[in-house]
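Residue strings, one per chain:
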Amino acid sequence: MADTDNASSSRPRRKRVQNGSGHRTSTLSSMSSNGSFAATDVGRSGDESSAAENGSYDKIRGRYRHRSGRGRGGAWKEKVKSRRRRRGALPLLLAGSCLCCIWMIFKAGPLAMKSQQAPGNSESESAEERLKRMLAEMPPDSPLTEEQEQRLVSAARSELDEFPISIGADDGTNPGWETIRHPGIEALQHFEGADYKSPLRKKRKSAEEVAAALAGKKLRGGNGDNGAPEGEAKADGDGREGLMRVPKLWDPTPYRIVADEREKRSGISGRGNGSGTRRYLGNYGSRLMTPAESESIGSRVRDERTGEVLETIFVAVASYRDFQCASTVESAFLRAERPERIRVAVVDQIREGEDRSCSVPPRGSCEENPDQMACRHASQIDYLTLDAELSVGPVFARHLGHRLYRGEYFAVQSDAHVSFVRGWDTEIVEQWRQAENEMAILSTYLSGTNDHIDLETGERTSKSRPVMCMSDFEGEGGFKHLRHGQQPEGVPYLREPVLDPFWAAGFSFGRGHFVVNVPYDQHLPWIFQGEEISIGLRGFTYGYDFYSPEKSVCYHFYGRKDVPMFWENTSIYRGSGMYGMNRLNAIIKMTSPSINGETKEWIRTDEVKYGLGRVRDIQKFFDTFGIHVKEQRVEPHLCKFVGRPMQKEFMSALRANGMGLDYSKIHFQWKDK
């Protein structure tokens, strides 16, 4: 069993400086309207200002305490205090106010200043116009300094901090959508050539129906209408069959402008030709992000009641004909301590006329029961509804989920049949902060709901949780891959997240830039086993570190009967899975040895976009954790090391700036004894 030694970490703690901001909301939802309010400078609320005069605000107990601690005291005390106030309080108050303003402007960061107009700005000036004007004012012949880059990003902070952002419906004019080729059809067309026959034609009556299925449905309001622009998706044999409309990956203009200017002035071209955001964030893993770059990712909202600034949380849910999907969404908001910070994005794969859509709240429509959380927070939920026959496994569905991310500070991945614990959002953020690692990803297999959570109250009833430490090769021939098995579970002894080697798809929590840097691969049809080692190894090479949480914040419904599975589409895309597995293993350098000289064919599109980073070498991972790729075997009993031994061995390599473990300082290699 992993993590068996009862000990706590004694490493020194570092302070994290939290920025603050106001927020603006915007939505195209027809389900509910949500006004916007202007950003305000960070400061104390009226109640807190009053407390500053008469005492201090006890945020834990939610009440004010007088400076004297026990009340006003005798009259002689009041006279002394009055004289002191007359003699020195006013100058000190003025000086303190000035120092406070200076500190807020220069230390709180761009979020505190986002409502202030830069000199020469007009309120109608867009972020793109503002940045181009600022660049024109900078010396043109020298590379951009980090300070200049941060000034540029800060100038666009109000746009980057908008929350929630709806991608909006695909009406043919929305620039947030693009056309891609369905991965199952793409693989079959690529390798079968002239022998290719449309798999969807076997199931449908006409080319128009195939095109409608591939187009998907609109986001939020109008889920029932086909949103494809006319002529975008066809199935008439003209080479365009399989094209489908999907939201674009998040890539706001300010990052592209800064990345373009950086490359122009330095003479160094970007590794990838696409995303400006990824070129800005370390150039597709060519180098580790700087703290300033990583901190620039992530929106925040202000609690109107308390003035507290909250980091936003994106929750991606992939659902296949799942009757519990709506309840999962409801649970995410109902059990959150601060639901105003949550945005949920659902990829809902259903058969219309047979399945209940996830967009239908669990207790009926919003007209019938408007107090449901899915109704009250409708502007914070996006549903991308697709025909179930387009499903080619969880990888593509979760890839679409990553396309719905819109700059939130944290990102969660969850299954569509889980129940969250009460206060889960605050608790998981606190656990992440315990790691003191910007590159920390808290991820684990989920325990079942039985004996772990009270489904009525949301209270946790068990302290045990799994640790990710067990993996081995499985499958035969070209389908052989590394798969994580049943993980050991127990009550943790370390009262903090525990380092482990592996990432789990069932639950993942970390900074939003993880979704930006390591998105699910668009070109992996029919992958179920293997997705986790793919994301895990790609994340490792970008500099991310994986931890098992000390406490699970949601639990999984296991043992469900008669639930549809995506395997029912096997006959539609038969053969595409082999090409998907070939690509997965080739990209992460785990291709099995050839048998009789066979060639393992795979689609090489977007190798950089969905490939490995260069922050760490992938062989370092294999050597460290006892994975022998050529022999297709692993060193057993790794779980003996994961837990306190790994924590003790590796944590000294955590960079002083909190940007992940420096594996050049780690010389450990697991060998079973």
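Since we're looking at a predicted model, the values are computed, not measured. (Residues numbered from 1 in each chain as written. Predicted model: local features only at pLDDT ≥ 70, side-chain atom pairs only at ≥ 80, totals over all residues. Heavy atoms only, no water.)

Strand order in the open sheet made by the 8 strands is 9-8-7-10-18-12-19-17, with mixed pairing throughout. Because the sheet does not close on itself, it has two edges, and the strands there are strand 9 (381–387) and strand 17 (498–500). Across this sheet, the average inter-strand angle for adjacent strands is 25°, counted without regard to direction. As defined by bridge partners, strand 12 (residues 440–443) adjoins strand 18 (residues 507–511) across 3 bridges and the pair is classed as antiparallel. Bridging across to strand 18, Ser443 finds its partner in Ser508. On the sheet, helix 13 (residues 394–402) packs against strand 7 (313–320), strand 8 (342–350), strand 9 and strand 10 (410–414) and is oriented at approximately 145° with respect to strand 8. Seen against the sheet, helix 14 (residues 424–434) touches strand 7, strand 8, strand 10, strand 12 and strand 18 and runs at an angle of roughly 65° to strand 18. (Pairing = 2+ DSSP bridges. Helix = DSSP H or I, 4+ residues; strand = E, 2+ residues; numbered from the N terminus. Axes fitted to C-alpha atoms, helices over the stretch in contact; angles between N-to-C directions. Contact = heavy atoms within 4.5 Å.)

Glancing now at the pattern of salt bridges. Under the criterion given, the structure shown has 42 salt bridges. The shortest N-O distance in the salt bridge between Glu427 and Arg460 comes to 2.2 Å. Taken together, the residues Glu427 in helix 14 and Arg460 in the loop between strand 12 and strand 13 (465–466) connect sequence positions 33 residues apart. On the basis of relative accessibility, which here comes to 16%, the residue Glu427 falls in the buried class. With relative accessibility at 24%, the residue Arg460 sits in the partly exposed group. Two residues, Glu550 and Arg495, come together in a salt bridge whose shortest N-O distance is 3.9 Å. Placement of Glu550 in the loop between strand 19 (545–548) and strand 20 (554–556) and of Arg495 in the loop between strand 16 (489–490) and strand 17 is noted, with a sequence separation of 55 residues between them. Taken together, the salt bridges that share partners define one network made up of Glu128, Lys132, Arg256, Asp260, Glu263 and Arg279. (Salt bridge = Lys/Arg side-chain N within 4 Å of Asp/Glu carboxyl O. Buried < 20%, exposed > 50% of the residue type's maximum accessible area, 1.4 Å probe, protein only.)

Quick look at helix 4 (residues 146–155) now. Residues Gln148, Glu149, Gln150, Leu152, Val153 and Ala155 constitute the buried set of helix 4. Residues of helix 4 that are buried sit in contact with helix 3 (127–136), helix 5 (157–160), helix 8 (253–266), helix 9 (276–280) and helix 10 (291–295).

Once that is clear, we can look at the packing of helix 3 against helix 4. Two elements in contact, helix 3 and helix 4, have axes separated by 9 Å at closest approach and are oriented at 150°. When the axes of helix 3 and helix 4 are compared, the pair comes out roughly antiparallel. In the crossing of helix 3 with helix 4, the sense of the turn from one axis to the other is right-handed. Together, Arg130, Leu131, Met134 and Leu135 of helix 3 and Arg151, Leu152 and Ala155 of helix 4 make up the contact between the two elements. (Parallel < 35°, antiparallel > 145°, perpendicular 65-115°, else oblique. Left-handed = near helix turned anticlockwise from the far one by under 90°.)

Another aspect to go through is the environment of Val315. By the element assignment, Val315 lies in strand 7. When the C-alpha positions of Val315 and Phe410 are compared, they lie 8.7 Å apart, and in sequence the two are 95 residues distant. Sequence-distant contacts of Val315, defined by excluding residues within four places in its chain, comprise Ile342, Arg343, Val344, Ala345, Val412 and Trp424.

The subject of this paragraph is the pairing of strand 12. Each regular strand displays side chains that alternate between the two surfaces of the sheet. Covered by surrounding structure in strand 12 are Ala440 and Leu442 together with Ile441 and Ser443, the residues of both alternating faces. Pairing between strand 12 and strand 19: 3 bridges, direction parallel. The residue bridging Leu442 from the neighbouring strand is Tyr547, located in strand 19.

Turning next to the state of the cysteines. Covalent bonding between the sulfur atoms of two cysteines defines a disulfide. Summed over the entire model, instances satisfying the criterion amount to 3 disulfides. Shown here is the disulfide that connects Cys325 with Cys358, its sulfur atoms set 2.1 Å apart. In this structure the cystine formed by Cys325 and Cys358 twists about its S-S bond by roughly -80°; its chirality is therefore left-handed. Note that Cys325 is positioned in helix 11 (residues 325–334) and Cys358 in the loop between strand 8 and helix 12 (373–376), a separation of 33 residues in sequence. Judged by its relative accessible area of 0%, Cys325 falls in the buried class. Disulfide pairing is shown between Cys366 and Cys375; the S-S distance is 2.1 Å. The sign of the -90° torsion about the S-S bond sets the Cys366-Cys375 disulfide as left-handed. Relative accessible area serves as the criterion here: at 22%, Cys366 is assigned to the partly exposed category. Residue class for Cys375 comes out buried when judged on its relative accessible area of 9%. (Disulfide = S-S within 2.5 Å.)

The next point concerns the environment of Gln431. Mapped onto the elements of the fold, Gln431 is located in helix 14. Separated by 118 residues in sequence, Gln431 and Pro549 place their C-alpha atoms 7.0 Å apart. Setting aside chain neighbours within four positions, we find Gln431 in contact with Leu442, Pro497, Pro549, Glu550, Lys551 and Val553.

Turning our attention to unusual backbone geometry. For the bond from Phe163 to Pro164, the omega torsion is -10°, close enough to zero to count as cis. Tracing the chain through its elements places Pro164 in the loop between helix 5 and strand 3 (177–181). Its identity is not glycine, yet Asp451 carries a phi of approximately 70°, on the positive side. Relative to the helices and strands, Asp451 resides in the loop between strand 12 and strand 13. In this model, Trp526 sits at a positive phi of 65°, which is unusual for a non-glycine residue. Turning to its location among the elements, Trp526 is positioned in the loop between helix 15 (513–517) and helix 16 (531–542).

So yeah, pure geometry; function would need other evidence.
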